[in-house]
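Structural characterization, general
So the chains spell out like this:
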Amino acid sequence: MCGIVGYVGNEAALPVLIEGMRQLEYRGYDSAGVAIAASGGIARVRRAGQLGNLEEALDGAELSGTIGIGHTRWATHGAPDDTNAHPHVDSSGKVAIVHNGIVENFDVLKEELEAEGHAFESETDTEVVAKLVGSIMESTGVSLLEATLATVDRLEGAFGLVLVHADEPETIVAVRQDSPIIVGANGHAGLVASGIPALLPYTRDVIPLENRQVAEIRPGSVRVLDFEGREVDAETVHVEWDLDAAEKSGYEDFMLKEIFEQPEAVRNTMRGRVDKQGHITLDEVTWSRADIEGITKVVVVACGTSYHSGMAAKHAIEHYTRIPVELDLASEFRYRDPVLDEHSLVIGIAQSGETADTLAAVRFAKDMGAMVVAITNVAGSSIARDADAVLFTHAGPEIGVAATKTFLAQLVALNLFALYLARERGVMEADKLSETIDAMRALPDQIEEVLTLQGEVHRAAKRYADARDFIFIGRGVGMAVALEGALKLKEISYIHAEGYAAGELKHGAIALIEGGVPVVAILTGTALYDKMLGNVQEVKARGAETILIAPRNDERARSLANEMFEMPTTKPLLTPILDTIPLQMLAYFVAKERGLSPDKPRNLAKSVTVE
Ligand code: AGP
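Note that the structure is a prediction, hence the values are computed from the model and not measured. Along each chain, residues carry numbers from 1 onward, in the same order as the chain's sequence is written. Only residues with pLDDT of 70 or above have their local features reported here, since the model is predicted, and side-chain atom pairs are shown and tallied only from 80 upward, although totals for entire chains, interfaces and linings are computed over all residues. Water and hydrogen atoms were dropped before computing side-chain values, which therefore reflect all heavy atoms in the structure.

**With respect to the site of the ligand**
Neighbouring residues are identified by heavy atoms, a residue being near a molecule or strand if any of them is within 4 Å of it. Taken together, 15 residues lie near the ligand, and S306, Q351, S352, T355 and E491 sit nearest. Note that an oxygen atom of the ligand is positioned 3.0 Å from one of the backbone N or O atoms of T305. Taking S352, its side chain carries an N or O atom lying 2.6 Å from an oxygen atom of the ligand. Contact with the protein chains hides 92% of the accessible area of the ligand, taken as 410 Å² for the molecule alone. Looking at the shell around the ligand, the elements with two or more residues in it are α10 (304-321) and α18 (477-493). Counting residues domain by domain, the shell around the ligand receives three or more from each of domain 2 (246-447) and domain 3 (454-593). N or O atoms within 3.5 Å of each other form a polar contact, as long as, within protein, one can give a hydrogen and the other can take it, and as long as residues adjacent in sequence are counted only when both atoms are side-chain atoms. We get accessible surface area from the Shrake-Rupley algorithm with a probe of 1.4 Å; when it comes to residues, only the shown protein chains can shield them. Secondary structure elements follow DSSP: runs of H or I no shorter than four residues count as helices, runs of E no shorter than two count as strands, and numbering proceeds from the N terminus. For each domain, the first and last residues come from an automatic or database assignment.

**A word on the environment of A32**
Within the fold, A32 resides in strand β2 (residues 31-38). Sequence spacing of A32 and V133 is 101 residues, and the spatial spacing of their C-alpha atoms is 22 Å. Two residues form a contact once any of their heavy atoms are found within 4.5 Å. Excluding anything up to four places from it in sequence, A32 contacts M21, V45, R46, R47, G49, L51, L54, H71, T72 and H86.

**Overview of the domain arrangement of the protein**
If you check the domain split of the protein, you get domain 1 (3-239), domain 2 (246-447) and domain 3 (454-593). Between the C-alpha centres of domain 1 and domain 2 there is a distance of 32 Å. If you look at the interface, domain 1 gives 16 residues, while domain 2 gives 15 residues. As a working definition, buried area equals the accessible area (1.4 Å probe) given up by two parts on being put together, with both sides summed. The largest share of the area that domain 1 buries against domain 2 comes from Y26, W74 and E104, three residues that together contribute 43% of it. Between Lys or Arg on one side and Asp or Glu on the other, a salt bridge is scored when a side-chain nitrogen of the former is within 4 Å of a carboxyl oxygen of the latter. Put simply, domain 1 and domain 2 have zero salt bridges between them.

**Points about unusual backbone geometry**
For the peptide bond that leads from H86 to P87, omega is 0 degrees, which places it in the cis range. One can find P87 in the loop between β4 (67-73) and β5 (88-89). Phi is positive for S249, close to 50 degrees, though the residue is something other than glycine. You can see S249 is positioned in the loop between α6 (243-247) and α7 (254-260). Here S249 falls in the partly exposed class, since its relative accessible area comes to 36%. Within the chain, D337 stands out as a residue other than glycine whose phi angle is a positive 55 degrees. With respect to the secondary-structure elements, D337 resides in the loop between α11 (330-333) and β17 (344-349). Relative accessibility under 20% of the residue-type maximum defines a buried residue, over 50% an exposed one, and the middle range a partly exposed one, all with a 1.4 Å probe and only protein chains included. For D337, a relative accessible area of 65% translates into the label exposed.

**Quick look at the packing of aromatic side chains**
Each aromatic pair joins two rings of Phe, Tyr and Trp (for Trp, the six-membered one) with centres within 6.5 Å, and gets the label stacked for planes under 30 degrees apart, edge-to-face for over 60, and tilted for any other angle. Tallying each qualifying case throughout the model produces six aromatic pairs. Between Y588 and F589, the aromatic rings sit 5.1 Å apart at their centres with planes inclined by 75 degrees, giving edge-to-face as the arrangement. The class of Y588 is buried, set by a relative accessible area of 2%. Geometrically, a charge over a ring is one whose NZ (Lys) or CZ (Arg) sits within 6 Å of the ring centre while staying within 35 degrees of the ring normal. The residue whose ring lies beneath K110 is F120, and the NZ or CZ to ring-centre distance is 5.1 Å. Taking the ring centre of Y494 as reference, the NZ or CZ of R602 above it sits at 3.8 Å.

**Let's talk about helix α19 (residues 529-541)**
The span you would expect from a helix comes to 1.5 Å times its residue count less one. Between its first and last C-alpha atoms α19 spans 18 Å; for 13 residues at 1.5 Å apiece the expected length is 18 Å, and the two agree. Where α19 is buried, its residues meet β20 (469-474), β22 (518-522), β23 (545-551) and α20 (555-558). Phi for G543, located one or two positions after α19, is positive at around 95 degrees.

**Details of the environment of L63**
Positionally, L63 belongs in the loop between α2 (51-58) and β4. Taking relative accessible area as the criterion, L63 reaches 10% and is therefore assigned buried. If near-sequence neighbours (up to four positions away) are discounted, L63 is found in contact with L14, V34, I36, A43, V45 and L58.

Here's what the structure looks like:
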């Protein structure tokens, strides 16, 4: 999320920053801004929207100087407008800062600074950090580096920070905590960015900062310290990638990169919303307890992959809250004359926030007087503006047309929301709640484990890449996984695929099974494991090739499997967050084996803004 660039050297900084921001714009395009330090002051230009808007604003502006920082924003705190655009400055106007991540305790720090007389112009967490650094410098007279070291200890959350000070025209300070920061230098310049592409025109020898590290970047040199201020012998990495590969962090395609970003997407979506004691905080949901107690039904509306996350969420919401849930394709919803009133809660899910069908459904629900909450990945999107409440998935920009990391992030946000409703309605015991939160907190590491199946999934993909049809079956939340697996495969590999409720197979689709048809079966997450195994036996008896998503060390499943991917153990309702990953990889590798481009499948667009 967010593109960050910094330059200090003997050339004009502005063109270097703009070029770097262009390389990183895919990380966020809600706004763009630059700050140049010159003549004892900071000159700043910021604009909402894409980098082009900033370039227009810079046309003819006097922004000379050889040290500066730039930022392309993926909005988290505050609307994507000019005022919330980075860089932000401290109260003296001499410290400028850009930031990628979320500072979770910004509100506490803000109150403290306000009490000291600092005024804030933006709604961002970043401005709080700028003002904290500035205030430390002013009260103690220390350097930018020392003030930054004193500040980072007080920050909670994720932050990649880059700072300059008008009176220190040869120093950039950069910080990494859970958000990527890469630094480098050549003979006469020092550079920093949130991604390698921005550095490549200047150096191929880069230092990716580790967590809890701070870099002091000067023309021609970089010094790395830990948060305690001790110098660190940081490892320099020589980068061979060309620019295209660098944008994808070395992955062949954005889709694969995004599949591998899923631990971070899930971690970021939970960040600040759950704590070790099992508490859930959803600041964005401001309905009163009485409103929530008054909900008589929930209706979930969405399209495509988002519909599948909604399907899994139906199980979670009903199980945790005992409120009945209806699930609708957004394109069908308002045409079926649905029954809604002010006690209905409508959940509209759209990663892009711009899907025409889902927007129409949400607006229709509002007109009917329902309470509307949106789940989206894009701050400032139409659905975020139209809904009464928004729960953002903090998955970062998704470039591949096939939704991957946003799907997992939606599942996390929806499960959190279901638990939140249950708690507010007083229908979930505290120990069950904290047990479930614990299981959620384990997910990012478990996702890392599932990603290690890459080689096995690739081998299976080679084996079945020429299949004409694929069938995916599951029960309960496994059915949502089956539907999502089938959608992924058909949209990027163009193989006919059906996702089916396993128990429904015998009512028709089993006629499609003949020798060699691959059948993917989801065996985890269902109390009906034996029935699922029965379904696998049925298709095997008719010559199907079985690909099983199964619990670890499951010998009964293994005896029936042509291929088997073993999943770590989690709560049944959370299994889609793990089980979907091998199916995303399967679709990806099958598409590659067939010589297709997974990022840009034919006939599809990332955001479907027509009905
Ligand atoms: C997913 O891989 C597809 N590209 C598509 O089904 C997508 O999920 C659908 O168009 C909905 O998009 P949204 O989440 O932005 O509303």
